[in-house]
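Structural features, examined
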Amino acid sequence: MKTKITRVALAATMALLGLMIPPVLMASAASAAPANGGSAYTCTGGNIAPGTYKSIVVTGICYMPAGTIIVRHNLTVAPGALLDAYTPGDPHAHPVVSATVLIGGNVFVGKNGVLALSCSPNGACSNPPGITFDRVRGNITALDAQAVVIQSATIGGSVTILGGGGGAAGGANSGGCFNPKFPIPAPWSKDAALSNPKTGSPQYTDAEDSVIGGNLTVADQQTCWMGSLRNQVRGSVTFTNNVTSDPDGMEVNNNLIGGNVTCLNNDPAVQFGDGAAAPNLVAGNASGECAFTALKPNPAPSPGPPPVAAGPLEHISVSLGSLVAYSGAHTATFVTSLPAVATASGNTITAVLNNFTLTGTGLTGSGTVNVKLLPQPSGDAVLSSVHPNGSALFVAYDTCKCMFGGQSGTVLIRFYGKKSANGVTHGIFLVTSGGTANGHLATLAGWGRFSNAGEPAGTWRLVEYLRIT
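Below: a short report on this structure. None of these values were measured; they are calculated from a predicted model.

Calculation rules
- Residues numbered from 1 in each chain as written.
- Predicted model: local features only at pLDDT ≥ 70, side-chain atom pairs only at ≥ 80, totals over all residues.
- Heavy atoms only, no water.
- Helix = DSSP H or I, 4+ residues; strand = E, 2+ residues; numbered from the N terminus.
- Buried < 20%, exposed > 50% of the residue type's maximum accessible area, 1.4 Å probe, protein only.
- Areas by Shrake-Rupley, 256 points an atom, 1.4 Å probe, with all protein chains shown as cover.
- Pairing = 2+ DSSP bridges.
- Phe/Tyr/Trp six-rings, centres within 6.5 Å; stacked < 30°, edge-to-face > 60°.
- Polar contact = N/O pair within 3.5 Å; in protein donor to acceptor, adjacent residues only side chain to side chain.
- Contact = heavy atoms within 4.5 Å.
- Salt bridge = Lys/Arg side-chain N within 4 Å of Asp/Glu carboxyl O.
- Axes fitted to C-alpha atoms, helices over the stretch in contact; angles between N-to-C directions.
- Disulfide = S-S within 2.5 Å.
- Core = buried A, V, L, I, M, F, W, Y, C linked by side-chain atoms within 4.5 Å.

1. A short note on the overall build of the protein chain
Of the regular secondary structure elements, the protein chain holds 2 helices and 42 strands. Burial statistics for the protein chain: of 469 residues in total, 54% are counted as buried. Summed over its atoms, the accessible surface of the protein chain is roughly 17,600 Å², and 58% of this surface lies on carbon and sulfur atoms.

2. Brief notes about the sheet that holds strand β12 (residues 114-117)
The strand order β3-β6-β9-β12-β15-β18-β22-β26 describes an open sheet built from 8 strands, whose pairing is parallel. Whereas interior strands pair on both sides, the edge strands pair on one side only; in this sheet they are β3 (46-47) and β26 (251-253). Two strands pair when backbone bridges link them, and strand β22 (residues 225-229) and β26 are joined in this way by 3 bridges, in the parallel orientation. Note that in β26 the partner of S228 across the bridge is V252.

3. Topic: the packing of aromatic side chains
Tallying each qualifying case throughout the model produces 11 aromatic pairs. Judged by centre distance (5.1 Å) and plane angle (50 degrees), the ring pair of F415 and W460 falls under tilted. Here W460 lies in strand β42 (residues 459-468) and F415 lies in strand β39 (residues 407-419), a separation of 45 residues in the sequence. On the basis of relative accessibility, which here comes to 13%, the residue W460 falls in the buried class. Among the aromatic side chains, those forming a connected cluster through ring pairs are F394, F415, F429, F450 and W460.

4. Thoughts on the side chain of S210
Here S210 is to be found in the loop between β18 (204-208) and β19 (211-212). In this structure the side chain of S210 is engaged in a polar contact, spanning 3.1 Å, whose partner is the backbone nitrogen of A153. Setting aside residues no more than four positions away along its own chain, S210 makes contact with I150, Q151, S152, A153, R230, N231 and Q232.

5. Remarks on the pattern of salt bridges
The tally for this structure, following the rule as stated, stands at 4 salt bridges. With a closest N to O distance of 2.9 Å, E208 and R230 form a salt bridge. Here E208, found in strand β18, pairs with R230, found in the loop between β22 and β23 (232-233); they are 22 residues apart in sequence, far enough to count as distant. Note on E208: relative accessible area 8%, which makes it buried. What makes R230 buried here is its relative accessible area of 10%. Taking the shortest distance from any N to any O, the salt bridge between E455 and R461 comes out at 3.5 Å.

6. Looking at the pairing of β12
Successive side chains on a regular strand alternate, one facing one side of the sheet and the next facing the other. Residues of β12 alternate between two faces, with V114 and A116 on one and L115 and L117 on the opposite face, all of them buried. Both strand β9 (residues 82-85) and β12 contribute to a ladder of 4 bridges, which runs parallel. Following the sheet pairing, A85 is matched in β12 by L117. Pairing geometry for β12 and strand β15 (residues 147-151), over 4 bridges, is parallel. In the sheet register, L115 faces β15, and the bridge partner there is V148.

7. So, the sheet that holds strand β30 (residues 286-288)
Reading across the sheet, the 10 strands line up as β2-β5-β8-β11-β14-β17-β20-β24-β28-β30 and stay open at both edges, with parallel pairing between neighbours. Each edge of the sheet is formed by a strand with only one pairing partner; in this case those strands are β2 (40-43) and β30. In this sheet, adjacent strand axes meet at a mean angle of 5 degrees when their direction is disregarded. Pairing geometry for strand β8 (residues 75-77) and strand β11 (residues 107-109), over 3 bridges, is parallel. Its bridge partner lying in β11, V77 is registered against V109.

8. Quick look at the state of the cysteines
Going through the model one piece at a time under the given rule, you end up with 5 disulfides. Disulfide pairing places C177 opposite C224 at an S-S distance of 2.4 Å. A residue pair is termed long-range when its members are at least 10 positions apart, and C177 in the loop between β17 (159-162) and α2 (192-195) and C224 in the loop between β21 (222-223) and β22 qualify at 47 residues. Taking the relative accessible area as the measure of exposure, C177 reaches 8% and is therefore buried.

9. A few points about the nonpolar core
Grouped together as the largest cluster of nonpolar side chains are 52 residues, with contacts concentrated most on I48, I56, M64, L75, L83 and I140. Counting residues in each nonpolar core, the second largest holds 25 residues, with V96, F133, A351 and Y416 among its members.

And the structure:
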């Protein structure tokens, strides 16, 4: 059975978004002060030790490589300073993740400052796969900052990034940020992990796979690349007057947005880029470059390397009210797992690979593990951070040979979930693939909810909201 989404269903969507809010680095002498029961701390350089702090002010090039760091009130990155809570350093011998960072207040980033917060396989925590789920109870505000990078984090308030960016080297849409004629600016260049020619990049601003309780606003930045991908934003999303020197910049895709989305006067205009992402899903209005009527090639053409041919035209944003509701089930069968990793925080990073099937009235199909593709996921790849009491936060990366609406192809899905200590699992999922790359089911847009309540072991009950755009 399928039904149009009603106002009640949209209200449930907003309520659920609200519920979802909740090389090894060597330390310098300047960072040797341990956490001391909650005192204020100023980091002038090096590693910040695990522990509890009243507040932290970063004035140099500082790192949060390991353990759990709790800041009871505010964290400030001073003008010209850098905080890297992104590069792995835990465990020490074979780093997989960075520290788990829990901030009770707000985060401020000053002029020309850099904040890199939380880590996932989309960034530095990719091989072996690792993930941290950092939390900021308040807002993140950056004024004329050089770069802000947020991955797999929960922000209780709003994220506001105004001005700065370090400059669009070579001019708008020039590709200049990857040109050795244009040096990477400090302080980004002072972090060997972020700016390493083999593993890093020039400065950029990005939010991915995160939950934002308020609004996400990025305006008047000039940088190498910027994006907002697969975020759950309870409020509105605004990208205006931004410039990137990478023609593949300005990727605002695949976000689940409870308010409005507005994209105006960006250069280049908001696009799908080469990632073959799915459209934004918007409960309110969509305007400018992100309007419901805006069609963009997915993927966008790129000279490479390797070159990318333009894909089919696809809506950059889709109204939540236009999706149709379906019911289904996701059943996983264990195949293998990677070695578990115990971190200094007391959490355990696990990576489990399953075969799976999707059944029901919506998406149908299956996924099979191929260990030869590691570290790339296949089948149902579940990456978890398991707490000592057995509860966990996780992301499942599913690759499905699927059918829907008379079409067939590859569908990528991400499940963002929580597991309680007694094994109750629930969360939100997003269809994360679009375009024609790798045989994707080209113009599918959708999201849904999942839960194992009342289901047999290994099965999630799904409520799916889908549409061929």
